[in-house]
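What follows is each chain in one-letter form.
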Amino acid sequence: MSLAFDEFGRPFIILREQEGKTRVTGTEAVKGSIHAAKSVARILKSSMGPKGMDKMLQSPDGDVTITNDGATILEMMEVENQIGKLMVELSKSQDHEIGDGTTGVVVTAGALLEHAEALIDMGLHPLRIAEGYEWACKVATQNLDNIKSTFSFSPSDIEPLVKTCTTTLSSKVVGRLKEQMAQICVKAVLSVAELARRDVNLDLIKVEGKVGGTMEDTRLVQGIVIDKEFSHPQMPKELKNVKIAILTCPFEPPKPKTKHKVSFGTTKDKMLVIEGCPNTNAVTIFVRGGNKMVLDEIKRSLHDALCVTRNLVRDNAIVYGGGASEISCALAVEEAANKVVDVEQYAMRAFADALESIPIALAENSGLPPIESVTAVKKRQLEEKNPHLGIDCNETGTNDMREQNIFEAVASKKSQLFLATQVCKMILKIDDIIKPSEVQ
Ligand code: ADP
């Protein structure tokens, strides 16, 4: 903005702000945003479920990460587009709130937007779609309450919790040792849980890793592990009932300027373990793995399993997985849409169709014919009135997810639906995008 004067000396203001900006408005703006969000969701789709694929991401300084965790993939992708960034935030919110379902939430949001686009093309106003989605989300959430079951466990019978963690870990890098890892995670959560208050503070569980050894060497330490050698080889190796002084200043002999080390493996490396402290119940899962990449992915997988266990301790309401709850919710929303007389009914049906994108993706990723598999399950759910039927990804011979023990916390499913609907509403309401021009 600058002040100028005309030939008579009268001041006037020149607005320069729009000079360097590009502007997209109306339907074009909404559709542009939808495209950006859809592209992000498409990337995650192939990572969904027990047969989901991994992604390999390389950072500018050459670090390589191999993962199938939705939140991690998006975080490392350096999404430039602002709407794309909203999807990244979406997956982060789910990770923060629940810790699981980070892929599902983004795939659901992508599908909701894809169906919204078709409705916009048909001439429906984005705000009416947003409204219909909100109604449909309420119906779906209500349906989750109607079909939920209770998951029971007790500190003396942790088997059900272990089975759940095993399911979570089966699609992860630790799949080979899923039972062992699941045992470790459940024991870790129960060590820090306050069952009477149904509270778990995951900050008390440290997941520490050290490259070397094999995954089998991973163990639970009822205390903390510090990656420090003993100062002197003749120091006693085990001390009981000790007092610990914590120094907050460096306390090491100066290091030689040049250091030569020959790489003898790390299995003989010594570490400091502090166990059995009376005033705290902090525990450490000490992870071993062949290289840093594997180690990082193991840590991420364990994080998911710890979150799943924590969620069940907090609230033991569950719904069955493999797309079973999504298909059941889709049927409920379709039924509710038929009772709506306004145009929002179209948005509600679109919401129902979008919910089916989860079982479709699960079937597709497992090499099953997607549409046929989902239609068959939908038909059976309707005929048998059984909301536990889902996609048999591992071809076990049964579609009953209760028999397969595949379930998810209701809290996680509700959060996925709620967050995905909110982000769609937000995107549908943007009808003007002003950004700095690319040619400056
Ligand atoms: P997210 O990051 O969203 O948790 P996952 O890749 O872990 O994504 O996939 C979770 C989805 O896979 C859920 O819908 C869950 O019900 C489904 N799932 C997990 N294991 C199986 C299985 N063995 N058979 C069928 N579906 C499964």
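Please read all numbers here as calculations on a predicted model, not as lab measurements.

Asker: Lay out the overall build of the chain in plain terms, naming residues and giving numbers.
Answerer: Across its full length, the chain holds 14 helices and 16 strands. Counting only C-alpha atoms and orienting by the principal axes, one finds that the chain spans roughly 85 × 80 × 40 Å. Evaluated residue by residue, the chain yields a buried proportion of 40% over its 440 residues.

Asker: Go over the domain arrangement of the chain with me, naming the residues and quoting the values.
Answerer: By domain assignment, the chain separates into domain 1 (22–150 + 326–436) and domain 2 (159–232 + 269–315). Relative to domain 2, the C-alpha centre of domain 1 lies at a distance of 30 Å. Mapped onto the side of domain 1 that touches domain 2, the elements with two or more residues apiece are strand 5 (64–67) and helix 14 (410–428). Among the elements that take part in the side of domain 1 that touches domain 2, strand 5 stands out by supplying 4 residues, more than any other. By residue class, the composition of the side of domain 1 that touches domain 2 is 7 nonpolar, 9 polar and 2 charged.

Asker: Outline the site of the ligand, supporting the account with residue identities and numerical values.
Answerer: What surrounds the ligand is a group of 22 residues, the closest being Gly49, Thr103, Gly104, Gly321 and Gly322. Along the lines of polarity and charge, the residues of the shell around the ligand split into 7 nonpolar, 13 polar and 2 charged.

Asker: Can you tell me about the pairing of strand 4 (residues 55–58), naming the residues and giving the values?
Answerer: When a strand is regular, its side chains alternate between the sheet's two faces. Here 4 bridges tie strand 4 to strand 5, and the two strands are oriented antiparallel to one another. By the bridge assignment, Lys55 is partnered in strand 5 with Thr67. Connecting strand 4 to the antiparallel partner strand 5 that follows it, the hairpin turn spans 5 residues, and Gly62 within it adopts a positive phi of roughly 90°.

Asker: Report on the nonpolar core, specifying residues and quantitative values.
Answerer: Counting 102 residues, the largest nonpolar core has Ala37, Ala109, Leu112, Cys185, Val333, Phe351 and Cys424 as its most contacted members. Taken together, domain 1 (22–150 + 326–436) and domain 2 (159–232 + 269–315) each give at least three residues to this core, which thus spans both. Setting aside residues no more than four positions away along its own chain, Phe351 makes contact with Leu112, Gly132, Tyr133, Ala136 and Val333.

Asker: Describe the sheet that holds strand 6 (residues 149–150), listing the residues and the values that go with them.
Answerer: Spatial strand order, 6-14-15: 3 strands in an open sheet with antiparallel pairing. The two strands at the open ends of the sheet, each matched to only one other strand, are strand 6 and strand 15 (407–409). Of the pairings in the sheet, the one linking strand 14 (residues 317–320) to strand 15 comprises 3 bridges and is antiparallel in character. Across the sheet, Ile318 pairs through a bridge with Ala409, a residue of strand 15. Of the strands in this sheet, strand 14 and strand 15 touch helix 14, which is tilted by about 75° from strand 15.

Asker: Give me the lowdown on unusual backbone geometry, citing residues and values where you can.
Answerer: Phi at Glu78 is positive, roughly 50°, even though this residue is not glycine. Relative to the assigned elements, Glu78 resides in the loop between helix 2 (70–76) and helix 3 (82–97). Residue Glu78 is classed as exposed on the basis of its 12 C-beta neighbours within 10 Å. The backbone phi angle of Asn241 is positive, close to 50°, even though this residue is not glycine. Within the secondary structure, Asn241 sits in the loop between strand 11 (223–226) and strand 12 (272–275).

Asker: Which residues make up the environment of Asn386, and what values go with them?
Answerer: Within the secondary structure layout, Asn386 lies in the loop between helix 12 (370–384) and helix 13 (401–404). Using a count of 18 C-beta atoms within 10 Å as the deciding quantity, one classes Asn386 as partly exposed.

Asker: Account for helix 6 (residues 159–170), with residues named and values stated.
Answerer: The terminal C-alpha atoms of helix 6 lie 16 Å apart, and with 12 residues this matches the ideal 16 Å at 1.5 Å per residue to within 8%. If you check which residues of helix 6 are buried, you get Leu161, Val162, Thr164, Cys165, Thr166, Thr167, Thr168 and Leu169. In this structure, the buried residues of helix 6 make contact with helix 7 (178–192) and helix 8 (292–314).

Asker: Could you give an account of the environment of Asp203, naming the residues involved and the relevant values?
Answerer: In this fold, Asp203 is placed in the loop between strand 8 (199–200) and strand 9 (205–211). Judged by the 8 C-beta atoms lying within 10 Å of it, Asp203 falls in the exposed class. Separated by 199 residues in the primary sequence, Asp203 and Ala4 place their C-alpha atoms 60 Å from one another.

Asker: Requested: an account of the sheet that holds strand 9, with residues and values cited.
Answerer: Read from one edge of the open sheet, 3 strands run 9-13-10, paired in mixed fashion. Two strands lie at the open edges of the sheet, namely strand 9 and strand 10 (219–221), each paired on one side alone. Looking at each pair of strands side by side, their axes are set apart by 25° on average, direction ignored. Of the strand pairs in this sheet, strand 10 and strand 13 (residues 283–289) are connected by 3 bridges, and their pairing is antiparallel. Of the residues in strand 13, the one forming a bridge with Arg219 is Phe286. Against the sheet, helix 7 touches strand 9, strand 10 and strand 13, its axis set at about 160° to strand 13.

Asker: Explain the packing of helix 9 (residues 324–337) against helix 10 (residues 344–355) residue by residue, including any values.
Answerer: Where helix 9 meets helix 10, the closest approach of the two axes is 8 Å, and the angle between their N-to-C directions is 170°. Regarding the angle of helix 9 to helix 10, the classification is roughly antiparallel. Crossing handedness for the pair helix 9 and helix 10: left-handed. For the pair helix 9 and helix 10, the contacting residues are Glu326, Cys329, Ala330, Val333, Glu334, Ala336 and Ala337 in the first and Gln345, Met348, Arg349, Phe351, Ala352 and Leu355 in the second. Looking at side-chain class alone, the contact of helix 9 with helix 10 contains 9 nonpolar, 1 polar and 3 charged residues.

Basis of the calculations
- Residues numbered from 1 in each chain as written.
- Predicted model: local features only at pLDDT ≥ 70, side-chain atom pairs only at ≥ 80, totals over all residues.
- Helix = DSSP H or I, 4+ residues; strand = E, 2+ residues; numbered from the N terminus.
- Buried ≥ 20, exposed ≤ 12 C-beta atoms within 10 Å, placed from the backbone.
- Domains from an automatic or database assignment.
- Nonpolar A, V, L, I, M, F, W, Y, C, P; charged D, E, K, R; others polar.
- Near = placed C-beta within 6 Å.
- Pairing = 2+ DSSP bridges.
- Core = buried A, V, L, I, M, F, W, Y, C linked by C-beta atoms within 7 Å.
- Contact = placed C-beta atoms within 7 Å.
- Axes fitted to C-alpha atoms, helices over the stretch in contact; angles between N-to-C directions.
- Expected span 1.5 Å × (residues − 1).
- Parallel < 35°, antiparallel > 145°, perpendicular 65-115°, else oblique.
- Left-handed = near helix turned anticlockwise from the far one by under 90°.

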